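Next come the chains, spelled out residue by residue.
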Amino acid sequence: MIQDGSSTVWICQTCKQPISTGDGFIEVINCNSDLGPIGSYPREATPPFDLGTEESGGAKIGDLVAELLQRKPYIGFLVFHTRCDPYPDTEGYSIQLARAETLEEWCGWVLHLFEKTWMSRGDLERMLEFWWSHKGDERPNT
């Protein structure tokens, strides 16, 4: 985990360098080109994964694993320096890093976004995981 004084800092996904609080953004973007430009405002929630049921002849484990591995989310999350915006010609749903300095602030934003129609439970879970994975750390075991 990278520390800057007393707080953990984010790592830019573009240049891989730490980002100071006043010089970066976290952005939620569309990741499905069928719904609009990649990097644009989110359009639709990632559909839930359907395991099927025994009555309906549920899928075999191998088929389920293959589908999961090929599946792409509709919603993506980015963190970057202001100068490193990977999609400068589009605009997603973003906040400044200063509004997500603590886990409590991050969770507040996650809960706010979960009220949107374009966030599914799977998107919510991936966004919570994003807190640790893009700060160079791992989620605590609970």
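Rules behind the numbers
Residues numbered from 1 in each chain as written. Predicted model: local features only at pLDDT ≥ 70, side-chain atom pairs only at ≥ 80, totals over all residues. Heavy atoms only, no water. Helix = DSSP H or I, 4+ residues; strand = E, 2+ residues; numbered from the N terminus. Buried < 20%, exposed > 50% of the residue type's maximum accessible area, 1.4 Å probe, protein only. Areas by Shrake-Rupley, 256 points an atom, 1.4 Å probe, with all protein chains shown as cover.

1. Considering the overall build of the protein
- In terms of helices and strands, the protein carries 3 helices and 7 strands.
- What you see in the protein, going N to C, is helices and strands ordered as β-β-β-β-β-α-β-β-α-α.
- Each of the 142 residues in the protein was classed as buried or not, and the buried ones make up 33%.
- For the protein, the exposed surface amounts to about 8,800 Å²; the carbon and sulfur share of it is 52%.

2. Details of unusual backbone geometry
- In this structure, K16 is a non-glycine residue whose phi angle is positive, near 70 degrees.
- Assignment of secondary structure puts K16 in the loop between strand 3 (10–11) and strand 4 (18–19).
- Judged by its relative accessible area of 56%, K16 falls in the exposed class.

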